[in-house]
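Summary of structural features
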Protein chains: 2
Amino acid sequence: MQTLPNINTHFSDWYNEIVAQAELADHGPVRGTMVIRPYGYAIWELIQRYLDERIKLTGHENTAFPLLIPESFLKREASHVEGFAPEVAVVTHAGGKKLDEPLVVRPTSETVIHYMFAKWLHSWRDLPLKINQWANVVRWEMRSRPFLRTTEFFWQEGHTAHATLQEAEEEVMLMLNEYVRLAQEILAIPVVTGAKSESERFPGAQKTMTFEALMPDGKALQMGTSHLLSQSFAHAFDMTFQDKEGATQYPHLTSWGVTTRLIGALIMTHGDNKGLVLPPRVAPIQVVIIPIFKKNFDNSLILHQAEAIRAELAHLGIRVQVDADESKTPGAKFYKWELKGVPMRIEIGPRDLEQGIAMVSDRLGLEKVAYDAKNISNCIILKLEQLQQEMFARAELKFHKQWHKAAKLAQFGPQLEAANGLYQTGWCRSPECENKLKEYKAMTRCLLEEKSFDTCFNCDNPSVSDVLVAKSY
Amino acid sequence: MQTLPNINTHFSDWYNEIVAQAELADHGPVRGTMVIRPYGYAIWELIQRYLDERIKLTGHENTAFPLLIPESFLKREASHVEGFAPEVAVVTHAGGKKLDEPLVVRPTSETVIHYMFAKWLHSWRDLPLKINQWANVVRWEMRSRPFLRTTEFFWQEGHTAHATLQEAEEEVMLMLNEYVRLAQEILAIPVVTGAKSESERFPGAQKTMTFEALMPDGKALQMGTSHLLSQSFAHAFDMTFQDKEGATQYPHLTSWGVTTRLIGALIMTHGDNKGLVLPPRVAPIQVVIIPIFKKNFDNSLILHQAEAIRAELAHLGIRVQVDADESKTPGAKFYKWELKGVPMRIEIGPRDLEQGIAMVSDRLGLEKVAYDAKNISNCIILKLEQLQQEMFARAELKFHKQWHKAAKLAQFGPQLEAANGLYQTGWCRSPECENKLKEYKAMTRCLLEEKSFDTCFNCDNPSVSDVLVAKSY
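Since this is a predicted model, take the numbers as computed values, not measurements.

Conventions we followed
Residues numbered from 1 in each chain as written. Chains lettered and ligands numbered in written order. Predicted model: local features only at pLDDT ≥ 70, side-chain atom pairs only at ≥ 80, totals over all residues. Heavy atoms only, no water. Buried < 20%, exposed > 50% of the residue type's maximum accessible area, 1.4 Å probe, protein only. Helix = DSSP H or I, 4+ residues; strand = E, 2+ residues; numbered from the N terminus. Contact = heavy atoms within 4.5 Å. Core = buried A, V, L, I, M, F, W, Y, C linked by side-chain atoms within 4.5 Å. Salt bridge = Lys/Arg side-chain N within 4 Å of Asp/Glu carboxyl O. Axes fitted to C-alpha atoms, helices over the stretch in contact; angles between N-to-C directions. Parallel < 35°, antiparallel > 145°, perpendicular 65-115°, else oblique. Left-handed = near helix turned anticlockwise from the far one by under 90°. Nonpolar A, V, L, I, M, F, W, Y, C, P; charged D, E, K, R; others polar. Pairing = 2+ DSSP bridges. Lys, Arg positive; Asp, Glu negative; His and termini not counted. Polar contact = N/O pair within 3.5 Å; in protein donor to acceptor, adjacent residues only side chain to side chain. Buried area = accessible area lost by both parts, 1.4 Å probe. Domains from an automatic or database assignment. Least-squares fit on C-alpha atoms with pLDDT ≥ 70 in both. Phe/Tyr/Trp six-rings, centres within 6.5 Å; stacked < 30°, edge-to-face > 60°. Lys NZ or Arg CZ within 6 Å of the ring centre and 35° of its normal.

Turning our eyes to something else, we now look at helix α1 (residues 11–21) of chain B. All names here are of chain B. Residues of α1 that are buried: Phe11, Trp14, Tyr15, Ile18, Val19 and Gln21. Contacts from the buried residues of α1 go to β1 (25–27), α8 (261–270) and α10 (330–339). In the stretch just after α1, Glu23 is the one whose phi turns positive, near 55°.

Turning next to the nonpolar core. If you look at the biggest cluster of nonpolar residues, it comprises 83 residues, and the most contacted ones within it are Phe147(B), Leu187(B), Met223(B) and Ile267(B). Not counting residues up to four positions away in its chain, the partners in contact with Phe147(B) are Tyr15(B), Val19(B), Leu24(B), Ala25(B), Met34(B), Ile36(B), Thr260(B), Arg261(B), Ile263(B), Gly264(B) and Ile267(B). Within the second largest apolar cluster, 82 residues are counted, among which are Ile55(A), Leu176(A), Ala283(A) and Val342(A).

So, on to the pattern of salt bridges. All names here are of chain A. Evaluation of the coordinates by the stated rule reveals 48 salt bridges over all chains. Across the pair Lys196 and Glu212 runs a salt bridge whose closest N-O atoms are separated by 2.8 Å. Of the two residues, Lys196 is situated in the loop between β9 (192–195) and β10 (205–214) and Glu212 in strand β10; the sequence distance between them amounts to 16 residues. Taken as a pair, Lys196 and Glu212 share a single burial class, namely buried. The closest approach of N and O atoms between Lys333 and Asp323, which form a salt bridge, is 3.9 Å. Here the residue Lys333 occupies a position in helix α10 (residues 330–339), and Asp323 occupies one in the loop between β16 (320–322) and α10, the gap between them amounting to 10 residues. Of the two residues, Lys333 and Asp323, neither departs from the other in class, the shared state being buried.

What follows covers the packing of helix α2 (residues 38–57) of chain A against helix α6 (residues 165–186) of chain A. Residues and elements named next belong to chain A. Interaxial distance between α2 and α6 falls to 11 Å at its minimum, and their mutual angle equals 150°. When the axes of α2 and α6 are compared, the pair comes out roughly antiparallel. α2 and α6 meet at a crossing whose hand is right-handed. Where α2 abuts α6, its residues Ile47, Tyr50, Leu51, Arg54 and Ile55 lie against Met175, Glu178, Tyr179, Arg181, Leu182 and Ile186. Split into classes, the residues belonging to the contact of α2 with α6 amount to 8 nonpolar, no polar and 3 charged.

Quick look at the sheet that holds strand β17 (residues 344–348) of chain B now. Residues and elements named next belong to chain B. Read from one edge to the other, the open sheet built from 5 strands follows the order β16-β15-β17-β18-β19, with strand pairing classed as mixed. In the strand order of this sheet, the two ends are held by β16 (320–322) and β19 (368–372), each with one partner. The mean angle between the axes of side-by-side strands here comes to 25°, regardless of whether they run parallel or antiparallel. The sheet contact formed by strand β15 (residues 287–291) and β16 spans 3 bridges and is parallel. The residue bridging Val287 from the neighbouring strand is Val320, located in β16.

Another aspect to go through is the side chain of Glu77(A). Residue and element names in this part refer to chain A. One can find Glu77 in the loop between α3 (71–74) and α4 (78–84). Buried charged residue Glu77 carries no salt bridge. Nearest counter-charge: Arg201, at 11 Å. In terms of polar contacts, Glu77 uses its side chain to reach the side chain of Ser232, at 2.3 Å. Each residue touching Glu77, except ones within four places of it in the same chain, is listed here: Gly204, Ser230, Ser232 and Phe233.

Contacts between the two partners involve 51 residues from chain B and, on the opposite side, 51 residues from chain A. Both sides together, the interface formed by chain B and chain A hides about 4,000 Å², and carbon and sulfur atoms give 65% of it. Between Lys56(B) and Glu45(A) there is a salt bridge whose closest N-O contact spans 3.2 Å. Our count for the chain B to chain A interface comes out at 20 residue pairs in polar contact (both at pLDDT 80 or more).

Turning to the domain arrangement of chain A, a few remarks are in order. Here chain A is described as being made up of domain 1 (11–270), domain 2 (283–399) and domain 3 (403–470). Between the C-alpha centres of domain 2 of chain A and domain 3 of chain A the distance comes to 47 Å.

Here 6 strands make up an open sheet; going across it, the order is β4(A)-β6(A)-β5(A)-β5(B)-β6(B)-β4(B) and the pairing antiparallel. Since the sheet does not close on itself, it has two edges, and those belong to β4 (68–70) of chain A together with β4 (68–70) of chain B, each with one partner. Put simply, the sheet's adjacent strands are angled 45° from each other on average, direction ignored. Where strand β5 (residues 89–94) of chain A meets strand β6 (residues 97–105) of chain A, 4 bridges bridge the pair, whose relative direction is antiparallel. Bridge pairing in β6(A) places Val91(A) opposite Leu103(A).

All right, on to the relation of the copies chain B and chain A then. The two copies are related by a screw motion: chain B maps onto chain A through a turn of 180° and a shift of 0.0 Å along the axis, at an RMSD of 0.0 Å. The relationship between the two copies is best expressed as a two-fold rotation axis. For chain B, the residue whose C-alpha comes nearest the rotation axis is Val91(B), separated from it by 2.1 Å. Most of the interface of chain B is mirrored in chain A, where 100% of its interface residues are also at the interface.

This structure, assessed with the given rule, holds 24 aromatic pairs over all chains. Measuring from ring centre to ring centre gives 5.8 Å for Phe11(B) and Trp14(B), while their planes differ by 10°; the resulting arrangement is stacked. One end of the pair, Phe11(B), and the other, Trp14(B), are both in helix α1, 3 residues apart, so they sit about a helical turn from each other. The burial state of Phe11(B) is the same as that of Trp14(B); both residues are buried. For the ring pair Phe65(B) and Trp120(B), a centre distance of 6.0 Å and an interplane angle of 50° mean the geometry is tilted. Placement of Phe65(B) in the loop between β3 (61–62) and β4 and of Trp120(B) in helix α5 (residues 110–120) is noted, with a sequence separation of 55 residues between them. Following the ring pairs from residue to residue traces out a cluster consisting of Phe65(A), Phe117(A) and Trp120(A). For the cation-ring pair, Arg76(A) lies above Phe73(A), with the distance from its terminal atom to the ring centre recorded as 4.8 Å. The ring of Tyr39(A) has Lys340(A) sitting right over it, with the charged end atom 4.3 Å from the ring centre.

Right under this line is the structure:
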């Protein structure tokens, strides 16, 4: 067993070590790539299961579009190619020959999906088109970190086409709100939402809505985005439809996505010096049962009790495991399952068995209590729910502690540079003032609707509305 | 509405048209690629849902390995590179620069997974390693057909490592049997299993077990494979472990996979001149309810009844939809849902409503009967199950009708060339005799354990055991 670096003093090392030691992911042979190991992938599957159901319930259908896109497609939308060209991987040869036209490995699928939408769309009756895909995408990254930034990552990307701008705008907000629910209710990560500034928008979008979390080291993490695309995509791909009056119209498009980065946010937001702490709703193992064997005792009785409790919990849909490995001490097991962030632990020893109880403790260290073994399941269900709420409450407290309001960059800039954190301030919306943030390694994260400052953080022009400023992942 | 080509006289055209008209898939912009549309993808999701559960119940865990593999990896196993080099797509540039080493887009993941297995494997305690991934792979195909052969396709690939050869052999058969169950019980497609001949084995495998179906045109379709890999993969990637006695050993490896090709098999096996016919277990819509509106009648009463039946069926887990589109005639709706292969249809008109009944018919045309609207759900569940069985029985009958036994190629070769079909015959196992089959556009499909012929289909040497011979997709 290796010890973990201290989370308070060596956050970045702690992160890398916990990813490795909890067997969430490993580095692939190609620089910047990642192998998601079974325990990490099981978390992703739980996120997928929840979100996929929500995506379908809100009227979208799953599809699969090709991985390889003609290079020329990317160039059809001017700002799109400008944004993505520097980071694409390009297939130049295939089937033993040089290709006539190089193909890019999709960095995102707007272009190929819009090409197909244009084929399928004829009349207003075909609208809205509302599709989604769970896919891998490749963006060549210079500095990679498992889950947070990898050359290949996994995501879902939703793409829709609507007859009116208003409908498209509603779609953007519908999915943003779904994402916020995923973050807060499932991952127990508090977030703030708002529009991105012009310079931070998705290449080719008219408006990018983001939801941002704040990591314990005071850096912001973009958790996902929902875009209102500019109509230039529809123009670029000749995507038109006949409206009810027979006139030719261009549809209004949206796209939205979240990625395996969410797992990185989960690790950072809740982890501690013992390792991962997983919210029950995305914990691959919610409860681990550890039989405490004893010499000169019929240990099969303990195992039998452990198995009976496991079966009862599993029957109720709880993800539960018995760790009956006889080659390991209970202490080694406690260490392992704490490292893996399992929310609850049940211990059963000879004396517990005699008394008809089981010792139940939780990963947050709230309490260690004896439960009546016969009625344990309802207590566990309740307790898991309490842990989920408690984890969100704790994360929210940390979030607000690091959220500051300040009027002028000259004052808060040095603080931000030294100690990170999220700063709410006023902004005139000029790119020149936004650029000043770079001097403190910070950037705008999202625009707020609130207006609590009269002037810009940098110049003396009036503030349009508040903006959140932070360093970021 | 376009008419479908006749399935008996224009099978290949019929296939292409049904894929397009039922909106299962479309051609992507890059030659040989495919877009899987919502209706086709929903079938794939049902296949995935069933198989993923079986894969997990048999002790495997899901993972994600990188898409891009260093070209040199492919070369480490001699026959593997020989098999795959001609069909890989190669990334030569990324992030705006030429790469030091080209990367192949995975045609299959043995090499990168074995590289990682070698990192993770130390002791016999780490074995068996049993992982799976649902992934996209790319193989450059000259002649593509939707689902059956596309440059990019979707699959699951399982990869395992075992301490002993016997354990690896058991794994190969375990997963082969799981696949047979999927084919027969879920897809209602009868299959035959056996080993591939040496020339038809997976590149780098010591043994390839296949399960083969026979399409209505008499051509065989490989549905999937389960491989015992040669130990050369373990050697190529320095994959060793310490056994219980402390000696260094190479593990025994397997891999197994099925692809989106299964959807192609489903379309061909069950389809008819009206379109798709989907077995209930993989039908995205199992029951469609069609209200028959009438002038001078309060049609909201009919809609209300349709909705009540829909809700009751949905509550029981049946995938059901009401088609209440008032712009279409009932006839147009019948045509559409028959084309899409929905197994059952319920009609409710004014007179049915008065009598408290609903007219129920099935896609196989077995019967059209009036059911008591109050007790309809149990009848529907029973009927869906009967349809599933009936579809398998019909397919099995067709399969056996086209399965012939014949001693000598000189006799059955011309028949096979003219009219297709599956021929069981004897074989000495020499590649020279196998090569003779090419003269009739046929090949060996799989070896049988049965031995019903004394000599080879071509020469006079003794037959080792029977072999199945056919043309193939």
